[in-house]
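Each chain, written out:
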Amino acid sequence: MNKIFTIGLVGNAPQEKHEILNRMLDEEGLTDLCDVILYGADGQPELEALQDAIDDYADNVLQGVVCLPMATSPVKAVRHCLEQSDADIVPVFDNRILRMSSVLGNIDAAAAAQTLTQEAVQQRGEMLWKMLKRDMGILNPRIAILSIGEKTDNSETSIDTTVIKPAVEELVKKGIQIFGPADSATIFSNEACKAYDAVLQIYRSQTLEAYAALCEEPIITILTGIDTPIVSTEAEGVLSALWAVKDIARNRKTYDLPFKHPLEKLYHERKEDGDKARFAVKKKGFNPAEHRRENVTFVTKNTRDPKASSENKEQKEQTAPPKENISE
């Protein structure tokens, strides 16, 4: 069977562990679906290994990259390799039950309350919605956004009312199904989170403990905002990460295919063609002569017979009942 996917595994793992990994892939049936190339073996620096993997993806050698635990955070490492220090790369956590992302970075609640803006909430919500559609293959994602505190504050001066709620209303106007702000305790209790495809928290450490308690499988981190499908994971989540990269590459191909060669317009607007007809194809059986304005007779006040109208007026006055005298 031909190999249809080639995935790069970046990590400072020796060659012996590469053979162990191949046996694991064989047991899971992945060897029939993809090849795995190990980057960073034999002491190669991790940033150089990641750079080689990203370059190979640009050259269509790889279909995705999986990063094992690195000394540098995956976001900083990818920014360094892409030479874009200000690139908007957003990590999305996935445990095969629920995806979770954050509006702000790794800051505390006090700093989040000072820096949170409506534009940031809208940008992150729209980015997460597009990621769920393009990478996860979800046609109509449902997103829950959390309040900045443990419970939703509905007072007029609270951040939930002045910042988060207006952002949610703007996202809903764009056709995005986002609900909130909601209490974090309500979302992560009684399996209420399973009604949503993703949860958008305000800052990264807001609900990580509750999210980790929900996990049945190792958490993998999907990096969004870049062209290369990159997933970061711990050692025990390698198989889940490989499956995730394979699904992301397939879903992106399926999502982007209809937009590559769009159909031409069947008609032109009047502002484009001037006095030309709007529709290029005429309807079957349509006869313009039957719908011309001069072939239709219109009745106006000037064409009525004044003598007939006066007779009708006298007849109405004779048949009308006499008016009662109100003064009597």
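Residues numbered from 1 in each chain as written. Predicted model: local features only at pLDDT ≥ 70, side-chain atom pairs only at ≥ 80, totals over all residues. Heavy atoms only, no water.

Draft legend 1. Structural view of the overall build of the protein chain. When helices and strands are counted, the protein chain shows eleven helices and ten strands. The 328 residues of the protein chain split such that 38% are buried. Relative to all contacts within the protein chain whose residues are 6 or more apart in sequence, the contacts with residues 24 or more apart total 73%. (Helix = DSSP H or I, 4+ residues; strand = E, 2+ residues; numbered from the N terminus. Buried < 20%, exposed > 50% of the residue type's maximum accessible area, 1.4 Å probe, protein only. Contact = heavy atoms within 4.5 Å.)

Draft legend 2. Structural detail: the layout of surface pockets. Size it by volume and the largest pocket reaches roughly 640 Å³. Together, 30 residues line the largest pocket, and Ser73, Pro74, Val75, Pro91 and Arg204 are the ones closest to its centre. With four residues, helix α3 (residues 74-82) is the largest single contributor of residues to the lining of the largest pocket. Residue composition of the lining of the largest pocket, grouped by class: 16 nonpolar, eight polar and six charged. Contributing to the lining of the second largest pocket are 14 residues, with Tyr57, Gln63, Ala249, Arg252 and Lys253 lying nearest its centre. (1 Å grid on protein atoms, 1.4 Å probe; cavity = no way out; pocket = protein on both sides within 12 Å on 5 of 7 lines; lining within 4 Å. Points joined across faces, edges and corners; volume = space filled by probe spheres on them. Nonpolar A, V, L, I, M, F, W, Y, C, P; charged D, E, K, R; others polar.)

Draft legend 3. Main features of empty space enclosed by the protein. Counted according to the given criterion, the structure contains one cavity of 30 Å³ or more. If you go around the largest cavity, the residues you meet are Val90, Val92, Ser101, Arg124, Met127, Leu128, Met131, Leu200 and Thr224. Where the lining of the largest cavity is concerned, the elements lending two or more residues are β4 (90-94) and α5 (118-134). The leading source of residues in the lining of the largest cavity is α5, at four residues. When the residues that make up the lining of the largest cavity are grouped by side-chain class, the tally is six nonpolar, two polar and one charged.

Draft legend 4. Expanded view of the nonpolar core. Counting residues in each nonpolar core, the largest one holds 49 residues, and the members touching the most others are Val103, Leu116, Leu128, Leu132 and Ile202. Element by element, the count of residues in this core is highest for helix α9 (residues 238-260), at eight residues. Setting aside chain neighbours within four positions, we find Val103 in contact with Leu116, Ala120, Val121, Arg124, Leu200, Gln201 and Ile202. (Core = buried A, V, L, I, M, F, W, Y, C linked by side-chain atoms within 4.5 Å.)

Draft legend 5. Looking closely at the sheet that holds strand β3 (residues 64-67). Ordered by their spatial adjacency, ten strands build an open sheet running β2-β1-β3-β10-β9-β4-β5-β8-β6-β7, and the pairing between neighbours is mixed. Either end of the sheet is taken by a strand with one partner, and the two such strands are β2 (34-39) and β7 (177-182). Ignoring which end each strand starts from, the neighbouring axes of this sheet average 25° apart. Relative to strand β5 (residues 99-102), β4 runs antiparallel, the two being bridged by two bridges. Residue Phe93 lies in a different strand from β5, and its bridge partner there is Met100. α3 contacts β4, β9 (220-224) and β10 (230-233) of the sheet and is inclined by roughly 35° relative to β9. Contacts from α5 reach β4, β5, β6 (142-146), β8 (198-201) and β9, with the element oriented near 160° to β8. (Pairing = 2+ DSSP bridges. Axes fitted to C-alpha atoms, helices over the stretch in contact; angles between N-to-C directions.)

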